[in-house]
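# Remarks on the overall topology
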Amino acid sequence: MQKVLWCAQELDLSYDNIVAGQHYGLTKEVSFLAMNPNGRVPVMSDDGFILYESNAIIRYLWAKTLPTEPSLQHLQSWASQDRWMEWTSATLYYPLFREFYIYFARTPAAELNTSKADQLHRSVYPLLKIVDDQLAQTPYIAGNTFSMADIPLGVLVDKWERIDQQKSRLLNVSLYYERLLKREHYRNHVTQYALNAI
Ligand SMILES: N[C@@H](CCC(=O)N[C@@H](CS)C(=O)NCC(=O)O)C(=O)O
């Protein structure tokens, strides 16, 4: 949900934000399940067109900003962004990053097990290093300007930066985080929420 609201605001789109999910409930009600049989948020309605899956919603909203007849250059830029969105979901997030941040978000500090924490940290580090190497080449993950690919990744980088205390090791990721923190919508929809929000 966070990343979809962030995307909509970045694109200056107006939306009716009807809150559901977690303590707000509604997701198991018949009317909600008719929109998303998985009973999960986010779900978007655009003039009656219903769409669920956060990355599909982001792509849909972002596609609305493309010219009606995109050039090959537009399509290649799109493909590069899409590649990073796929990578963020299918390689970085699931299962390693999810397991990593949930452990830190849900374990009281006094109960953290050092060897488990180290093992989880070591499992995600090589993936974050791939992000760091790319950010050494370009200020945003898919190029020189902010794009839809920064939306899902930005949510995970916020968690990484809050958990990882050895910031100098992945300097380009930390500098990227500082760059994102300058964006009002990132601060409003991502960083002000609890570590276990997604
Ligand atoms: N792959 C889905 C995952 C959606 C998902 O797991 N949503 C969680 C919240 S982050 C949810 O709706 N949980 C049930 C609830 O909150 O009622 C997406 O990206 O949209």
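Residues numbered from 1 in each chain as written. Predicted model: local features only at pLDDT ≥ 70, side-chain atom pairs only at ≥ 80, totals over all residues. Heavy atoms only, no water.

## As for the pattern of salt bridges
This is how it is decided: Only one rule defines a salt bridge in this text: a Lys or Arg side-chain nitrogen within 4 Å of an Asp or Glu carboxyl oxygen. Strands here are runs of E lasting at least two residues and helices are runs of H or I lasting at least four, both read from the DSSP assignment and numbered beginning at the N terminus. Under the scheme applied here, a residue whose accessible area is under 20% of the maximum for its type counts as buried, over 50% as exposed, and between as partly exposed, the area being computed with a 1.4 Å probe on protein chains only.
Applying the stated criterion across every chain yields a total of eight salt bridges. The partner of Arg-183 in a salt bridge is Glu-10, and the shortest N-O contact between them spans 2.9 Å. In this pair, Arg-183 is assigned in the loop between α7 (171-181) and α8 (184-191) and Glu-10 in helix α1 (residues 2-10), connecting sequence segments 173 residues apart. A relative accessible area of 21% means that Glu-10 is categorised as partly exposed. The partner of Lys-129 in a salt bridge is Asp-133, and the shortest N-O contact between them spans 2.7 Å.

## Observations regarding the packing of helix α5 (residues 114-137) against α7
Here is the rule we go by: Whenever a helix is involved, its axis is fitted only over the stretch in contact; in every case the axis is a line through C-alpha atoms, and angles between N-to-C directions fall within 0 to 180 degrees. Every angle not falling under 35 degrees, over 145, or within 65 to 115 is termed oblique; those three ranges are roughly parallel, roughly antiparallel and roughly perpendicular. Whether two residues are in contact is decided by their heavy atoms, any of which lying within 4.5 Å being enough. Under the grouping applied here, Gly and all other residues not named as nonpolar or charged are polar, the nonpolar ones being Ala, Val, Leu, Ile, Met, Phe, Trp, Tyr, Cys and Pro and the charged ones Asp, Glu, Lys and Arg.
Running from amino to carboxyl end, α5 crosses α7 at an angle of 70 degrees, the nearest separation of the two axes being 7 Å. The orientation of α5 relative to α7 falls into the category roughly perpendicular. Residues Leu-128, Val-131, Asp-132, Leu-135 and Ala-136 of α5 touch α7, and the partners they reach there are Leu-171, Asn-172, Val-173 and Tyr-176. Partitioning the contact of α5 with α7 into residue classes produces seven nonpolar, one polar and one charged.

## Looking at the side chain of Thr-138
The condition that has to hold: The definition of a polar contact used here is a pair of N or O atoms within 3.5 Å, where within protein one atom must be able to donate a hydrogen and the other to accept one, and adjacent residues in sequence count solely through side-chain atom pairs.
Locating Thr-138 in the fold gives a position in the loop between α5 and α6 (150-163). Among the residues examined, Thr-138 registers a relative accessible area of 14% and is labelled buried. A polar side-chain atom of Thr-138 sits 3.0 Å from a polar atom in the side chain of Gln-134. Within the local environment of Thr-138, its side chain forms a polar contact with the backbone oxygen of Tyr-140, the two atoms lying 2.8 Å apart. With sequence-adjacent residues up to four places away left out, Thr-138 is seen in contact with Gly-143 and Asn-144.

## Observations regarding α5
Put simply, the rule is: Any helix carries an expected span of 1.5 Å times its number of residues minus one. Values of bend correspond, residue by residue, to the angle between axes fitted over the seven residues ending at that residue and the seven starting there.
In this model, α5 (24 residues) spans 34 Å end to end at C-alpha, consistent with the 34 Å of a helix rising 1.5 Å per residue. Along α5, the helix axis deviates most sharply at Tyr-125, where the bend reaches about 35 degrees; the proline Pro-126 sits within four residues downstream. For α5, the set of buried residues is Ala-117, Leu-120, His-121, Val-124, Leu-127, Leu-128, Val-131, Asp-132 and Leu-135. Looking at the buried side of α5, the elements it contacts are α4 (72-106), α6 and α7. Sitting at the head of α5, Asn-113 places a side-chain oxygen 2.9 Å from the backbone nitrogen of Ser-115.

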